[in-house]
Amino acid sequence: MRLTYYGHSCFLLEVNGKRLLFDPFIRPNSLAANINLKTLSADYMLISHGHEDHLADSIELAVQTGALVISNWEICQWLTKQGVQNTLPMNIGGKKIFDFGNLKCVTAVHSSSFSDGSYAGNPMGFVIKSDKTVYYAGDTALTMDMQLVAQGSPVDVCILPIGDHFTMGFEDAAKAAHLIQCRDIVGVHYNTFPYIEIDTAMVKEHFKKNGLHLLLPSVGETIDL
Ligand code: NI
Ligand code: MN
């Protein structure tokens, strides 16, 4: 399994030869100026919630790539109205088998609305199971529900927000990793805006002191999970 980071909470997971793009927010992100949207391809697009910093490029990329867009009911309805034809609505608690493996939608403690303020359903996280199990938390606070994620099969890698202010910060992300019983963490949702700027060296040290391994790939970097 490989992960390519596109900045903020946008990344591509390559799973069993399929390309899963998460929370596309590239064009408005000055830190992702080196990413050329036109070169991206995806078989699936997963959107955790309706905030602009998670779906800004979703319509353009859905049309460009023809990817099947997986999100909650409300976001899929909204995308359909914008001309996106290939959507699959799911919701928290639901799971489904795909050609890349198993996908389950899980709780995220956050909010979810479109940029005009209209209702975008409930925010969620995703658990992807194939040769490895990966948990992407979406935007969320630390929550005891995270203990449920590893039920049945251990989580190999968790992708957690660490920027604080709108989501959990790095201390709670380290606590989350313990609840998930996962030592390998990819940190996302930090440094994009002044609100969520962090001292990455200090944050990495905090994870290390807690027996955890925090990966912070640079924008455009691909890492093996
Ligand atoms: Ni959000
Ligand atoms: Mn966000």
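The structure presented is a predicted model; accordingly, all values stated were derived computationally and were not measured.

Definitions and cut-offs
- Residues numbered from 1 in each chain as written.
- Chains lettered and ligands numbered in written order.
- Predicted model: local features only at pLDDT ≥ 70, side-chain atom pairs only at ≥ 80, totals over all residues.
- Heavy atoms only, no water.
- Helix = DSSP H or I, 4+ residues; strand = E, 2+ residues; numbered from the N terminus.
- Rg over C-alpha atoms; globule rule 2.2 N^0.38 Å.
- Buried < 20%, exposed > 50% of the residue type's maximum accessible area, 1.4 Å probe, protein only.
- Contact = heavy atoms within 4.5 Å.
- Areas by Shrake-Rupley, 256 points an atom, 1.4 Å probe, with all protein chains shown as cover.
- Donors = N, O, S within 2.8 Å, 3.2 Å for Na, K, Ca; no water.
- Tetrahedral: all angles 85-135°; square planar, octahedral: opposite > 155°, others 65-115°.
- Salt bridge = Lys/Arg side-chain N within 4 Å of Asp/Glu carboxyl O.
- Pairing = 2+ DSSP bridges.
- Axes fitted to C-alpha atoms, helices over the stretch in contact; angles between N-to-C directions.

S.K.: Got a minute to help me understand the overall build of the protein chain in this structure?
M.R.: Within the protein chain, the secondary structure is distributed over 5 helices and 14 strands. Whereas a compact globule of 225 residues would reach a radius of gyration of roughly 17 Å, the protein chain reaches 16 Å, a difference of no more than 12%. Oriented by its inertia axes, the alpha-carbon framework of the protein chain measures out at about 50 × 40 × 35 Å. With 225 residues in all, the protein chain has 53% of them scored as buried. Here the analysis covers contacts within the protein chain between residues at least 6 apart in sequence; of these, 59% occur between residues at least 24 apart. Carbon and sulfur atoms make up 49% of the accessible area of the protein chain, which totals about 9700 Å².

S.K.: So what exactly am I meant to see when it comes to the coordination of the nickel ion (ligand 1) here?
M.R.: By definition of the ideal shapes, four donors in a tetrahedron about a metal sit 109.5 degrees apart, and six donors in an octahedron sit 90 or 180 degrees apart. Looking at the nickel ion (ligand 1), one finds its protein donor set to be His49 (NE2), His51 (ND1), His110 (NE2) and Asp139 (OD), positioned 2.2 to 2.4 Å from the metal centre. Of note is the nickel ion (ligand 1), whose 4 donor atoms meet at the metal with angles of 88 to 179 degrees in an arrangement that counts as irregular. If you list the donors of the nickel ion (ligand 1) from N- to C-terminus, the spacing comes out as H-x1-H-x58-H-x28-D. Between the nickel ion (ligand 1) and the manganese ion (ligand 2), both coordinated by Asp139, there is a metal-metal distance of 3.1 Å. Of this pair, His110 sits in the loop between strand S8 (102–107) and strand S9 (124–129) while Asp139 is found in the loop between strand S10 (133–136) and strand S11 (157–161), placing the two residues 29 residues apart along the sequence. Given the relative accessible area of 2%, Asp139 is considered buried.

S.K.: Can you walk me through the pattern of salt bridges in this structure?
M.R.: Pairs can form between side chains of opposite charge once their charged atoms are near each other. Applying the stated criterion across every chain, the model contains 6 salt bridges. Across the salt bridge formed by Asp99 and Lys18, the nearest N and O atoms sit 3.5 Å from each other. In this pair, Asp99 sits in the loop between strand S7 (95–97) and S8 while Lys18 sits in strand S3 (residues 18–22), placing the two residues 81 residues apart along the sequence. Relative accessible area serves as the criterion here: at 47%, Asp99 is assigned to the partly exposed category.

S.K.: Even after reading the chapter, I still don't get the sheet that holds S9, so can you show me in this structure?
M.R.: In a beta sheet, neighbouring strands are held together by backbone hydrogen bonds and run either parallel or antiparallel to one another. Taking strand neighbours across the sheet as the criterion, the 7 strands line up as S7-S8-S9-S10-S11-S12-S13 in an open arrangement whose pairing is mixed. Pairing within the sheet leaves two strands with one partner each, and these edge strands are S7 and strand S13 (213–215). Shown here is a sheet whose adjacent strand axes are inclined to one another by a mean of 20 degrees, direction ignored. Note that S7 and S8 share 3 bridges and pair antiparallel. Its bridge partner being in S8, Lys96 is matched across the sheet by Leu103. In the packing of helix H4 (residues 170–180) onto the sheet, contacts are made with S10, S11 and strand S12 (184–188), and the angle to S11 comes to roughly 150 degrees.

S.K.: Explain the coordination of the manganese ion (ligand 2) here, please?
M.R.: The coordination sphere of the manganese ion (ligand 2), as far as protein atoms go, consists of Asp53 (OD), His54 (NE2), Asp139 (OD) and His189 (NE2), spread over 2.1 to 2.2 Å. Taken in chain order, the donor set of the manganese ion (ligand 2) reads D-H-x84-D-x49-H. The class of His189 is buried, set by a relative accessible area of 1%.

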